[in-house]
Each structure stands twice: as structure tokens, then as C-alpha cells.
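Observations on the three-dimensional arrangement
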Amino acid sequence: MTGLSRARVARRIAAGAAYGGGGIGLAGAATVGLLMAEAQLARRRVGNGTTPHVPNADGLYGAAYTVPGEPALRLTMLGDSTAVGQGVHRAGQTPGALLASGVAAVAERPVGLSTVAVPGACSDDLDRQVTRTLADPSRVPDICVIMIGANDVTHRMPPTQSVRHLSSAVRRLRTAGAEVVVGTCPDLGTLEPVRQPLRWLARRASRQLAAAQTIGAVEQGGRTVSLGDLLGPEFAAHPRELFGPDSYHPSVEGYATAAMAVLPTVCAALGLWPAEEERPDAARREGFLPVARAAAEAAAEAGTEVTAAMPAGPRGPWALLKRRRRRRVTETEPEPSAQPS
């Protein structure tokens, strides 16, 4: 699917989410039986990525930067198993811990991490997660990172419904005063146990949802980072390194790759990134685009950020598309310096 076609589909999904339209079908009725058989086979092979233990990474990171009278930054992780870090064995290996450690190092300020994400969650669980996040008005997070969408595709949730829930979550968090970064739906067409034609359809559905998520989140004041390619060429080239033992969730190296893609955008949202990095760089093909076009381009390239940029014009809202340079976290395996809550 071309970028322009993906942009049109994403805009239709986002419009349907905003105005209550129905879902957009991705396969004709003649293929449903084959797809269901392939899906059941893939589910048995993947095993749904279940694991009995999910590390609790909540706590304080960068305590050495504590200054009396200066509160720690607050970071909250929302979403599904990707946001929790399901599949790793140590708290410091989760994306939340990696992000908290990275932000603390860049800001030279401690970061308190809390996690409300739930393994297996779909976008319709975000309302409950946001309610938990905002339960104490005196402790609204400075930054929220949402990673969601994979389960929406595998559970065949209508994309308009997915985007509607995500848009509502971003709107509530932004209204409360939190910055929001959304890691959009990964490319499920790269899962090793998934065969054709389901693999092609999974990739198409994943990228369409990711583009529509971008439109919905950006229009509500959030920023997005495409995670699609992080389960794409890198995972395909190194499946034993970047997939965990269940062949579904990322490994330690996979989560580190995802965290490094999101970290620059988190820092930028908090005003911590260098000013020169905020200007679009033509050499990296960055610039201002209609939000639907930016969303479509981002869905095809991992680590690409989209954020609102200009008032709406004849072609709708505009956005800034950036391909930020990735910077490595200095602590390769951080642990909370406080007891997990």
C-alpha cells in the first residue's frame, strides 16, 4: 500500500473514531475461513506470549540527582504487555525502567516510575488505566508513555473503536496537564510463527492502525513514535536476539531497542532535548506535512516522531515529522534505587 493510500485509510479510520463511524474491513468474506484457520494455527505456535511473571519496575530512578526541594519527575507507563515489559526477568530490563533511567540521565533529575499497563490489554482498557493514573490530582505525571495496539489487531477490534479509546485517553491526560507519547501499533506481520497470507494482512492492519493512532493522538495534543519497524527488519534479521523465548514478546535487546526509539521523543516532550534537534532537518527528510500524510510515513519507518505543528488548513491539521537520532542510555541495566511500590 502506498503512503498516500495509507494516509487516506488512516484519515477515514480517525474520522470514524471521531464521529462514530464503523470499522473498515481488511479482507473479503471469501477469505475469512482461511484467515481464521491461519490465525488459530499462529496462536497455537506463538502461545499468546503468556509468562507467569512480569517484573515490577516501579520506583525511583536517578536518585543520585536528588536536590532538596526539587521534586522528581513522574513517568507513567500505560498500555499492554509491551509497556509492562512482559517476557524479561529483571525490572531494569523493562522499557519503563530504561526510559526512566534515560530521562534521569538527560535531565540530571530523579524520575519516579509508575506502571498501570496490563499484559493482554486492548485499547478499551485505557479508560480504566487513565482513571488510575489521574486518581490523585496532586500527583499528575509529567509524562505518560502509552504502548498499545497489537492486541487490538489480534482480537480484531474495529480500528475506529481502537482509535476512539486512544484519542480519549490522550485527551484526558493532556487536559490534566501530562505530556503524552504514544508508541503506535507494532508490525505484527514480522512474528515468526505467522505465515502467509495472514502475515501480509497482519502487516497491513498493523500499519493502518498505527497511522490512524497517530492522527488521533496528535490531534489531541500527544506525540507519537512508530514502533512498526522495530518488529520489522531488525527483528526479522535477528529473531533469536530481538524476540523473547515465546516468539511473541521482545527480548531484553528488543525492549532496549524500543526504549531507545521512544526516549528522544519523551525528552523532547519534557523540553530536555537540544534546541537544534527541534528544527526539522531536510537531510533526514524531516518537515511539515498534513497530519494524515505524516502518519502514513511514520507507520512505515520505526522511530519516526509525529507531533502537532500548525493550525488546520485546507488539507486539515499539519504535523511535524522527525527522524530523531537515537542516543543510548548510559545505564545498560538500571534498577530502582527505591523499593518498588
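Here the structure is shown first, and the text comes after it.
Report on the accompanying structure.

Basis of the calculations
- Residues numbered from 1 in each chain as written.
- Predicted model: local features only at pLDDT ≥ 70, side-chain atom pairs only at ≥ 80, totals over all residues.
- Heavy atoms only, no water.
- Helix = DSSP H or I, 4+ residues; strand = E, 2+ residues; numbered from the N terminus.
- Buried < 20%, exposed > 50% of the residue type's maximum accessible area, 1.4 Å probe, protein only.
- Contact = heavy atoms within 4.5 Å.
- Areas by Shrake-Rupley, 256 points an atom, 1.4 Å probe, with all protein chains shown as cover.
- Core = buried A, V, L, I, M, F, W, Y, C linked by side-chain atoms within 4.5 Å.
- Arc of directions from axis to C-beta.

Another aspect to go through is the overall build of the protein chain. From N to C terminus, the protein chain includes 12 helices and nine strands. Counting across all 341 residues of the protein chain, residues that qualify as buried make up 54%. Long-range contacts, defined here as pairs at least 24 residues apart, represent 80% of the contacts in the protein chain between residues at least 6 apart. For the protein chain, the accessible surface area stands at approximately 14,500 Å², while carbon and sulfur atoms represent 54% of it.

In this structure, Leu-75, Met-77, Leu-99, Val-145 and Val-262 are the most contacted members of the largest nonpolar core, which totals 33 residues. For this core, the secondary-structure elements that each account for two or more residues are β2 (73-79), α3 (81-84), α4 (95-107), β3 (111-115), β4 (143-147) and α11 (252-269). With nine residues, α11 is the single largest residue contributor to this core. Counting residues in each nonpolar core, the second largest holds 23 residues, with Val-218, Ala-292, Ala-319 and Leu-321 among its members.

The next thing to look at is helix α5 (residues 126-133). Residues that lie three or four places apart on an α-helix share one face, since the helix turns once every 3.6 residues. Among all positions in α5, only Leu-126, Gln-129, Val-130 and Thr-133 are buried. Buried residues of α5, viewed axially, fall in a sector of 100 degrees; they line one side. Buried positions along α5 lie against β2, β4 and α7 (159-176).

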